[in-house]
Amino acid sequence: MRAMVLSAALAILPGCSVVDATLSALFEPRASFALDVPGTVTTAQVFDCVSDSVAARPGRRGWMNTNVTRIDSARGVIETGDYARDNIVGLRSRTEFSPPAGRIVTRIRGGGPYFADLGIDGAALDLKTRLRDCLGPHSRANTMR
């Protein structure tokens, strides 16, 4: 009997993560933007700028997660707040930099309880402005959604 109950419980658990991922994909607030930067900008400069810019803006009521949780220099990726995880309260970001193209693409996702919007558009605009200021006057922002 215990084995059947344990088997049933273990069979249900993976379904929970599928439900969380589906709900996040459908309802979680998201924003993104692209930024073209001068060809002299390095990956290290982008990573430093992202870290500094996110740390400078903890967000309204402290919702922006400022912890850098992933850096992949080879792929030009920096993430904050466990970006890939679903169903987390707070805002988190993923920035990808392509040196040959001179392009930065940042995605921000997250929300509050019941997927309430915690000001994701304002956070995206603020981060875009900070990155543009940090990386040079020749950078151009392109809005994405």
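Quantities reported herein were computed from a predicted structural model and do not represent experimental measurements.

What counts as what
Residues numbered from 1 in each chain as written. Predicted model: local features only at pLDDT ≥ 70, side-chain atom pairs only at ≥ 80, totals over all residues. Heavy atoms only, no water. Core = buried A, V, L, I, M, F, W, Y, C linked by side-chain atoms within 4.5 Å. Buried < 20%, exposed > 50% of the residue type's maximum accessible area, 1.4 Å probe, protein only. Helix = DSSP H or I, 4+ residues; strand = E, 2+ residues; numbered from the N terminus. Pairing = 2+ DSSP bridges. Contact = heavy atoms within 4.5 Å. Salt bridge = Lys/Arg side-chain N within 4 Å of Asp/Glu carboxyl O.

Q: Looking at this structure, I do not really get the nonpolar core. What am I missing?
A: Nonpolar side chains tend to gather and get buried jointly when the protein is soluble and globular. Counting residues in each nonpolar core, the largest one holds 23 residues, and the members touching the most others are Val37, Val46, Leu91, Ile104, Leu131 and Leu135. Of all the secondary-structure elements, those providing two or more residues to this core are strand E1 (30-36), helix H2 (43-56), strand E4 (90-98), strand E5 (103-111) and helix H3 (120-135). Per-element tally for this core: the top contributor is H3, with six residues.

Q: Help me out: how do you make sense of the pairing of E1 in this one?
A: Moving residue by residue along a regular strand, the side chains alternate between the two faces of the sheet. When you tally the buried positions in E1, you get six out of seven residues, the bulk of the element. Across seven bridges, the pairing between E1 and E5 is antiparallel. Within the sheet, the bridge partner assigned to Phe33 lies in E5 and is Thr106.

Q: Is there a simple way to explain the side chain of Ser53 in this structure?
A: Along the chain, Ser53 falls in helix H2. By relative accessible area, which is 5% here, Ser53 ends up buried. Apart from the residues lying within four places of it in its own chain, the contact partners of Ser53 are Leu127, Arg130 and Leu131.

Q: What's the story with the pattern of salt bridges in this structure? I'm lost.
A: When charged atoms on two side chains of opposite charge get close, those side chains can pair. Tallied over the entire structure, the rule returns 12 salt bridges. The residue Glu28 makes a salt bridge to Arg30 at a minimum N-O spacing of 3.5 Å. Taking relative accessible area as the criterion, Arg30 reaches 36% and is therefore assigned partly exposed. It is possible to trace a salt-bridge network through shared partners that takes in Arg70, Asp72, Glu79, Arg94, Glu96 and Arg107.

Q: Explanation requested: the pairing of strand E2 (residues 68-72) in the structure shown.
A: Where E2 lies against strand E3 (residues 77-80), four bridges are found, and the strand directions are antiparallel. Looking at the pairing, Arg70 lines up with Glu79 of E3. Adjacent in sequence and paired antiparallel, E2 and E3 are bridged by four residues, among which Gly76 carries a positive phi angle near 70°.

Q: What should I look at first to understand the environment of Phe33 in this one?
A: Structurally, Phe33 can be placed in strand E1. For Phe33, a relative accessible area of 2% gives the class buried. Placed 91 residues apart in sequence, Phe33 and Ala124 show a C-alpha to C-alpha distance of 7.4 Å.

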